[in-house]
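Here is how the chains run, residue by residue.
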Amino acid sequence: MQNQSVSPAPFGRVLTAMVTPLDDNGGLDHAAAAQLAVDLVDLGNDGLVLNGTTGESPTTSDAEKAALIRTVVDAVQGRAVVVAGTGTNDTAHSIELSQQAVAAGADGLLLVTPYYNKPSQDGLIAHFRAVADATSAPVMLYDIPGRSAVALRTETLLRLAEHPRIVANKDAKGDPFAAQRVMSQSALVYYSGDDALNLPLLSVGASGFVSVVGHLVADRLAAMFAAYSSGDVAAAREISDSMVPIIVGVMTRAQGAVMVKAALDLLGRVGGGGLRLPLLAADPGQREQLLLDLKAGGFDL
């Protein structure tokens with residue numbers, strides 16, 4: 001078959017939303033963060049997202065967020081795009097975090113839809129434009145109504161796509177046709193932000209993934225993208241099928257950060273360990289089930 005048209009990827013193809021390793025006292029473990037970042041790049045990630053929900057951003061301080069960015073930027077030495085989650089439900093705070101992230105060395109910004117206070121669509125546009133205007137860094141929006149309570153409507157996304165620095169959207173809306181509508185009418189680049197929909201979103205034009213299971217299978221995600229882009233849809237589906245037990249284990253049984261840290265522990269890799277309240281580490285039953293999920297997903301444990 002002929003090659004599919006390869007879509008642009010301003011932040012890379014395979015990005016993992018990285019957990020934030022903590023030491024035994026609950027502080028940032030910078031050595032573990034640096035090693036985890038290198039491990040993820042070696043596994044096949046060409047981008048890393050820091051200080052997102054999977055990175056426990058609700059419970060890390062502004063100073064810790066900046067320090068983590070500096071640690072990872074220094075560790076990966078330009079081998080991956082470093083994107084910083086800087087979106088909050090306070091525009092002024094989001095601007096401060098964005099400026100801080102750029103100063104710390106981040107290559108781009110991830111801005112989640114303001115959560116809980118339920119702004120109007122015009123309010124969302126004003127918010128995102130204000131943050132995008134505050135730095136020179138490219139921006140990836142993050143549309144996740146299951147957590148933010150407000151979805152970015154198609155018309156809103158098309159208006160935001162007109163901004164020169166708003167170049168991408170991490171899509172976790174669960175509506176591939178809505179994504180296709182935006183992509184068909186704008187140059188906004190889409191990244192799958194829902195591991196269960198990685199292959200379906202590729203089929204309507206997504207450029208890559210911002211993944212949680214990328215901690216474990218970034219190599220398979222890269223192979224799936226390559227197969228699909230070359231026109232070998234059957235091979236892409238086979239690779240996608242191989243990841244189903246892992247996606248079930250990590251993304252459906254408990255919060256993603258909880259299960260990723262447990263999986264890293266089970267695999268003997270750096271980056272696991274404890275979490276900050278209100279998140280609790282996986283309990284023995286969850287770990288036992290996760291072990292079965294990882295085995296079913298092809299890991300030799």
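The structure this text deals with has already been given above.
Residues numbered from 1 in each chain as written. Predicted model: local features only at pLDDT ≥ 70, side-chain atom pairs only at ≥ 80, totals over all residues. Heavy atoms only, no water.

A. Geometry of the pairing of strand S1 (residues 14-17). Side chains of S1 alternate between two faces, with Val14 and Thr16 and Leu15 and Ala17 buried alike. Two strands pair when backbone bridges link them, and S1 and strand S2 (residues 47-50) are joined in this way by three bridges, in the parallel orientation. Bridge pairing links Ala17 to Val49 in S2. With helix H1 (residues 30-43) bridging S1 and the parallel S2, this β-α-β connection has right-handed handedness. (Buried < 20%, exposed > 50% of the residue type's maximum accessible area, 1.4 Å probe, protein only. Helix = DSSP H or I, 4+ residues; strand = E, 2+ residues; numbered from the N terminus. Pairing = 2+ DSSP bridges. Right-handed = clockwise from strand over helix to strand, strands pointing away.)

B. Seen up close, the packing of helix H10 (residues 233-242) against helix H11 (residues 244-251). Packing of H10 against H11 leaves a shortest axis separation of 4 Å and a crossing angle of 40°. For the element pair H10 / H11, the angle class is oblique. Residues Ser240, Asp241 and Ser242 of H10 pack against Val244, Pro245 and Ile246 of H11. Per-class residue counts for the contact of H10 with H11 are three nonpolar, two polar and one charged. (Axes fitted to C-alpha atoms, helices over the stretch in contact; angles between N-to-C directions. Parallel < 35°, antiparallel > 145°, perpendicular 65-115°, else oblique. Contact = heavy atoms within 4.5 Å. Nonpolar A, V, L, I, M, F, W, Y, C, P; charged D, E, K, R; others polar.)

C. Fine view of the packing of helix H2 (residues 62-76) against helix H3 (residues 91-104). Put simply, H2 and H3 touch, their axes get as near as 9 Å, and they point 30° apart. The orientation of H2 relative to H3 falls into the category roughly parallel. Note that H2 runs across H3; the crossing there is right-handed. Along the contact surface, H2 presents Asp62, Lys65, Ala66, Ile69, Arg70 and Val73, while H3 presents His93, Leu97, Gln100, Ala101 and Ala104. Of the residues assigned to the contact of H2 with H3, the class counts are six nonpolar, two polar and three charged. (Left-handed = near helix turned anticlockwise from the far one by under 90°.)

Function-wise, these values are silent; they only describe arrangement.
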